[in-house]
Amino acid sequence: MLKKLTMRAIQARYLVIACAVILMLIGFKTIPQTPMDVFPEFAPVKVEIQTEAPGLSSVETEQLITIPVEHAMNGLPQMKTLRSKSVLGLSSVVMLFEEGTSIAEARQAVQERLLLLAQKLPAVARPPVMLPPLSSLSRVLKIGLSSRHDTLAELSTKALWTVRPRLMSIPGVANVAIWGLREQELHVRFDPLKLAQHQLSASQISQQLGNALQPDGAAYLDTAQQRMAVSYDRPTLNAEDYLQLTVGYSKATPVKLGQVAEISWGHALPIGDAVVNQGDGLLLIVEKHPHANTLRVTQQIDQALRELKPALPHINVDATIFRPATFIETALHNLQSALLLGACLVAVILILFLRNFRAALISLAAIPLSLVTAVLLLSWLQVSINTMVLAGLVIALGEVVDDSIIDLENILRALRANRLLAQPKSLLKVITQASYEVRGAVIHATLIVMAVFIPVFFLQGIAGAFFKPLAYGYLLAIFASLLVALIVTPVLAYCLLKREGDLPAIVDHTAPPAWTLQLLAQPKAVIAAAALLFFSMLASLPFLGSEFLPAFKETDFLMHFVERPGTSIAQMKAMSLRASQALMHIEGVRNLGAHIGRTEVADEVVGPNFGELWVSISPQADYEKTMARIQQSISGYAGIFTDVQTYLKERSKEVMSGTSASIVIRLFGNDVDTLREEAERIRLAIADIPHLSHLKVESQALIPHIHVRLNTALADRYGVTEKEVKQALSLMTLGQIQGEVYVGQQRFNVRLISATPARDSLQALRQISIQSPSGAVVALADVATVIVQPTQNEIKREAASRKIDISTDVEGTDIGSVAQEIESRLNRLTLPAGYYVRMLGEYTEQKTATRTLVSYSLLALLLVFLLMFMSLRSLRLTAMLFAVLPFAVAGGVTGIWLTGGVISLGAMIGLIAVLGIAARSGILLISRYQQLRHSHAYDGPALLAMAVSDRLRAISMTTLATSMALVPIILKGPVSGYEIEYPLAVVVVSGLLSSVAVNLMLLPALILLFDQGDNDTDYVR
């Protein structure tokens, strides 16, 4: 069938060439429009519910809101993890779903239960909000707004009603969170003493003001000709409208609001803040939907900001504080450059070996055809093009010409032999037969290369998300190259090698090379030397370190800046300003933004003591020196936890464990006090392990909390009820929103609050005025006890249990060795009944991925063995080839030592690739050995030497072509875009060099000793 396929292709050669040209044209039109990103979506499907509950402590938030939400969400289809966090005034419940779950179905299932739950939550809770779906790397841009002309409140109004709506209209933008927001409000400030003089209460003011602001429709009026709507005009922003509002009567005399209150502009108490460069400002964080293209979204945001510039006079807009598109552009440029330069190097190798431009052109045609076909198939399969896919194509770049080289090499050999015949055969028959001779070997060898990648497709979690696209790109390119070798290469050979002068002027060997005979004269010495090198490399394996993902060389850094729990926003801002001034003086630092605390409807569920500083450095700056200076500057704050990470690294860690640390020990239990004690005991148990950095227990600490307890006997004496005490507490501290006023498209809250709110001292709180129904004014301390007691700053839960994390990073060594020591010490600890720990983070993910690769590699090796046997039809030769594969992989281990002696997941994928490539070269050699033995042209060492000679050029060309394709990555080192690909490339090239030696030296020596050419049906054709 394959012989007929080749013949039919040559006969329909013009149609084949036309189809190839059309395919290329489609590719050149489609590929530039294909969206590209830095990494694939690596986070599981996530749904988060946030519920605001102003004034509730973390314990009350957990009991009244978080636990009911958890109970309502338990048992959702395909949900694998349910975790929550309760802080002052906010509950966050996060649900993670199994891989492959539809995000739309997950959100619909959550929404159905949320509708039933919302009615059962306490009145103090606002309606639960389901956050928009976000990408793994959700933060696409940070925009700083600052002004010397406008106040923060005026800046907030422009950001909220001008900038945010425009950005939210951009396709792909999921949310625009604004830190430092001071949303303008109209404040009605009442005087408790004046209320008492007019015998009015705050409740009456609240009722009358609320009625005036309520947006009720009136009716319709039908005349004979038309219908007209009747509406009631509510107060506007004109202060006189409010001051003349009647709020009650005193001795039958109307009391106007202006007699007991004042009207002014203000803003609510902030729940967070921001720093832009070295001063006040707003920080807008733009987040994108899953699968939205970062580059395209960023370009549209830049365009929108340019359009908005005339509408934002006197406002400085800094859109470069955090811009991941810069890293993506650099990474993609580096990989595209490597792809182009690698293709050029492959072309040079082919021309040097073949010494004929036409022959080289035939093989080179496989590169664009294979890569374009692979990209088109990826687009059809809806696999996004990212750096991992491009890495797979770069690795495949040298291999896509292998099948074509093998096919062409045999065609050239056959054509030269045919030229020497007295009666040469027709060109069609020669090319068809030559292609057919290597078809079995080529197909089986390609299937083997594809089979060794089977374990990659069983990887789960973040490992699978990262490396499956690489495998897709690699395998589709290899598969496309097989089709090119089967169909296009014979057609091009027929068209371009018709004349005798078209053949390369290469002298055909009639005798085996001398060096092969010398090696085969001492086969035992060759085997002994190979065994010595192999076992030496095997002995070095226990000394290899391990890591999951490398550090990415982004030019944007984030620094966690965490003070003691209970620290005020003002104190955190002062510290952030101090840090920003120090960082901005570092050479190479371009700009800076910081956000403190939280903002509404955002993915940061933290207290006021938590801040993040985002620093952007110039691409021209010395990366390592600038990084070291930033580290040194940020670590100089006593009592404050600080660290420096890139966004990609931080997000990958957060997906793995829910935190930004490399190693996480998660302690589960019910009592928060016991959790803190046991967590501290664990911290002390591992504190002396070398190379730990940023070791800490999660800041679940006790903070001061004010409790007001009503004395019912005293309250009855004054005629004061609990309702009046609660309302007084609210109005005299935060105030109460009575309604809204509208101006054009803008909306402003109207807040009723005391003219002298008690916000800055406990004594002021005790002295707030409460008006009894009789008109008497009493202090809060007269009817209630006001005390300060400790309470939890935050409570975290997972799997229906409270939890606390002990986390650490690792510096100066690999993560694996440190994590193993931590595991050993944890196993020696005894915890109270009902308490247990789990290890999470990079080490756990790497261990799981390694276990998956190793276990499924056994299945892949079995499949490889069967494919080799199907190709070679000899159990003895198959066993020998299978036995030498580990020797080729040992060369890849040398590459691991060359890159620092740390085995990463990328390096392991490289070892898998080496295994397949080595098997391919071995099959080519043995198949030629079988052909020669079957023809009885040679015998003994000469037979093997001739087989090596015949396949030497093909194996050398394929090895050098693949190596040259990866050389650009190796020469540049682990720059942006090469962080994962660099160790993989070094491992593959080292393994390829060793596989050449194994296949051309060790394998012939084994065959010479253990396969004497007996009549054992070795070769059946």
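Labelled according to an unreviewed UniProt entry, the protein appears under the name Efflux RND transporter permease subunit, originating from Methylophilus luteus.

A. Main features of the pairing of strand β21 (residues 589–597). In terms of burial, β21 is largely enclosed, as eight of its nine residues are buried. Where strand β14 (residues 272–276) and β21 come together, five bridges link them in antiparallel fashion. Residue pairing for β21: V276 is matched across the bridge by G593. By the bridge criterion, seven bridges tie β21 to strand β22 (residues 610–617) in an arrangement that is antiparallel. The partner of I596 across the bridge, within β22, is G611.

B. Here's a closer look at empty space enclosed by the protein. Overall, the coordinates contain four cavities of 30 Å³ or more when judged by the stated rule. The calculated volume of the largest cavity comes to roughly 70 Å³. Around the largest cavity sit V38, L137, R139, T294, P324, F327, I328, E554, Y647 and L648, which together line it. Mapped onto the lining of the largest cavity, the elements with two or more residues apiece are α11 (324–354) and α22 (647–657). It is α11 that provides the largest number of residues to the lining of the largest cavity, a total of three residues. Broken down by class, the residue content of the lining of the largest cavity amounts to seven nonpolar, one polar and two charged.

C. View of unusual backbone geometry. Even without being a glycine, H291 presents a positive backbone phi close to 70°. Its location among the elements puts H291 in the loop between β16 (282–288) and α10 (294–308). Phi is positive for H691, close to 75°, though the residue is something other than glycine. Inspection of the secondary structure puts H691 in the loop between α23 (672–686) and β25 (692–697). We classify H691 as partly exposed; its relative accessible area is 40%.

D. The sheet that holds β14, seen in detail. Spatially, six strands are ordered β15-β14-β21-β22-β20-β23 in an open sheet, and the strand pairing comes out antiparallel. Each edge of the open sheet is held by one strand with a lone partner, namely β15 (279–280) and β23 (641–646). Where helix α20 (residues 569–584) meets the sheet, its contacts fall on β14, β15, β20 (556–562), β21 and β22, and the angle it forms with β21 comes to roughly 170°. Together, β20, β22 and β23 form the strand contacts of α22, whose direction differs from that of β23 by roughly 105°.

E. Local environment of helix α17 (residues 461–496). The terminal C-alpha atoms of α17 lie 49 Å apart, and with 36 residues this matches the ideal 52 Å at 1.5 Å per residue to within 8%. Of all bends in α17, the biggest is about 45°, found at A485. When you tally the buried positions in α17, you get 29 out of 36 residues, the bulk of the element.

F. Seen up close, the side chain of K85. Within the secondary structure, K85 is located in strand β3 (residues 79–87). Assessed through its relative accessible area of 14%, K85 is described here as buried. In this structure the side chain of K85 is engaged in a polar contact, spanning 2.6 Å, whose partner is the backbone oxygen of V605.

What counts and how
- Residues numbered from 1 in each chain as written.
- Predicted model: local features only at pLDDT ≥ 70, side-chain atom pairs only at ≥ 80, totals over all residues.
- Heavy atoms only, no water.
- Buried < 20%, exposed > 50% of the residue type's maximum accessible area, 1.4 Å probe, protein only.
- Helix = DSSP H or I, 4+ residues; strand = E, 2+ residues; numbered from the N terminus.
- Pairing = 2+ DSSP bridges.
- 1 Å grid on protein atoms, 1.4 Å probe; cavity = no way out; pocket = protein on both sides within 12 Å on 5 of 7 lines; lining within 4 Å.
- Points joined across faces, edges and corners; volume = space filled by probe spheres on them.
- Nonpolar A, V, L, I, M, F, W, Y, C, P; charged D, E, K, R; others polar.
- Contact = heavy atoms within 4.5 Å.
- Axes fitted to C-alpha atoms, helices over the stretch in contact; angles between N-to-C directions.
- Expected span 1.5 Å × (residues − 1).
- Bend = angle between axes of the 7 residues up to and from the residue.
- Polar contact = N/O pair within 3.5 Å; in protein donor to acceptor, adjacent residues only side chain to side chain.

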